[in-house]
Amino acid sequence: MNKKEVFKLAKGFRGRAKNCIRIARERVEKALQYSYRDRRNKKRDMRSLWIERINAGTRLHGVNYGNFMHGLMTENIQLNRKVLSELSMHEPYSFKALVDVSHNAFPGNKKVVPPKKEGLSILV
């Protein structure tokens, strides 16, 4: 990589990393390593976010995430996690229909009972 390209990529860096070629080359190389790594981490983070959203949506209807996904697989409903998370957030009635289909398809889907709120209500 020639000097001109290095300085172009180092634009915006702090201190001598933007105008001293030796330091700029090291910092640009490290920045490119970080960007390569984080492009993969971004995909991983988004997938885990989608799973959390789906899990929250399914638990509102009494099914956990694993059983919900298993029920969808047995019914051959091929919606990816991104679409399912969007449905759980923005289309609650459509998502409820999917939860019902999943619940009926997999007999292991037991109703998850939310924990009872104990405390002052018992004492009063």
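Since this is a predicted model, take the numbers as computed values, not measurements. Within each chain, residues carry numbers counting from 1 in the order of the written sequence. Where local features are concerned, this predicted model is filtered to residues with pLDDT of at least 70; where side-chain atom pairs are given and counted, the filter is 80 or more; whole-chain, interface and lining totals use all residues. Side-chain measures were taken over the full set of non-hydrogen atoms in the model, leaving aside hydrogen atoms and water.

## Describing a positive patch on the surface
Taken together, the side chains of Arg39, Arg40, Lys42 and Lys43 present a region of like positive charge at the surface. A helix here means a DSSP run of H or I that spans at least four residues, while a strand means a run of E at least two residues long, and both kinds are numbered starting from the N terminus. In this fold, arginine 40 is placed in helix 2 (residues 21-60). Arginine 40 sits in the partly exposed class, given a relative accessible area of 40%. For patches, a residue must show more than 30% relative accessible area and have no salt bridge; joins then use 9 Å for like charges and 5 Å for nonpolar side chains, namely Val, Leu, Ile, Met, Phe, Trp and Tyr. Computed with the Shrake-Rupley method and a 1.4 Å probe, the accessible areas treat only the protein chains shown as cover for residues. Salt-bridge detection follows one rule: a side-chain nitrogen of Lys or Arg within 4 Å of a carboxyl oxygen of Asp or Glu. Here the positive residues are Lys and Arg and the negative ones are Asp and Glu; neither His nor the chain ends is included. Taken as the charge location is NZ of Lys, CZ of Arg, CG of Asp or CD of Glu. Residue exposure (1.4 Å probe, protein chains only): buried if accessible area is under 20% of the type maximum, exposed if over 50%, otherwise partly exposed.

## Thoughts on the nonpolar core
In these notes, a set of buried Ala, Val, Leu, Ile, Met, Phe, Trp, Tyr and Cys residues joined through side-chain atoms within 4.5 Å is what counts as a nonpolar core. Counting residues in each nonpolar core, the largest one holds 11 residues, listed as Ile54, Val63, Tyr65, Phe68, Met69, Leu72, Leu84, Leu87, Phe95, Leu98 and Val99. The element that contributes the greatest number of residues to this core is helix 3 (residues 65-74), accounting for 4 residues. Not counting residues within four places of it along the chain, the set of residues in contact with valine 99 comprises Thr58, His61, Val63 and Phe68. Residue contacts are defined here by distance: any two heavy atoms, one from each residue, within 4.5 Å place the two residues in contact.

## Focus: helix 5 (residues 92-105)
Think of an α-helix as 3.6 residues a turn; residues three or four steps apart then line up on the same face. Multiplying one less than the number of residues by 1.5 Å gives the expected span of a helix. Counted at 1.5 Å a residue, the expected span for helix 5 with its 14 residues is 20 Å, and the 20 Å between its end C-alpha atoms agrees. Of the residues making up helix 5, those classed as buried are Phe95, Leu98, Val99 and Ser102. With its buried residues spanning 100 degrees around the axis, helix 5 presents them on a single face. Opposite the buried face of helix 5, at more than 90 degrees from it, the exposed residues are Tyr93 and Asn104. Contact partners of the buried residues in helix 5: helix 2, helix 3 and helix 4 (81-90). The arc under discussion is defined with respect to the helix axis, by the directions toward the C-beta atoms.

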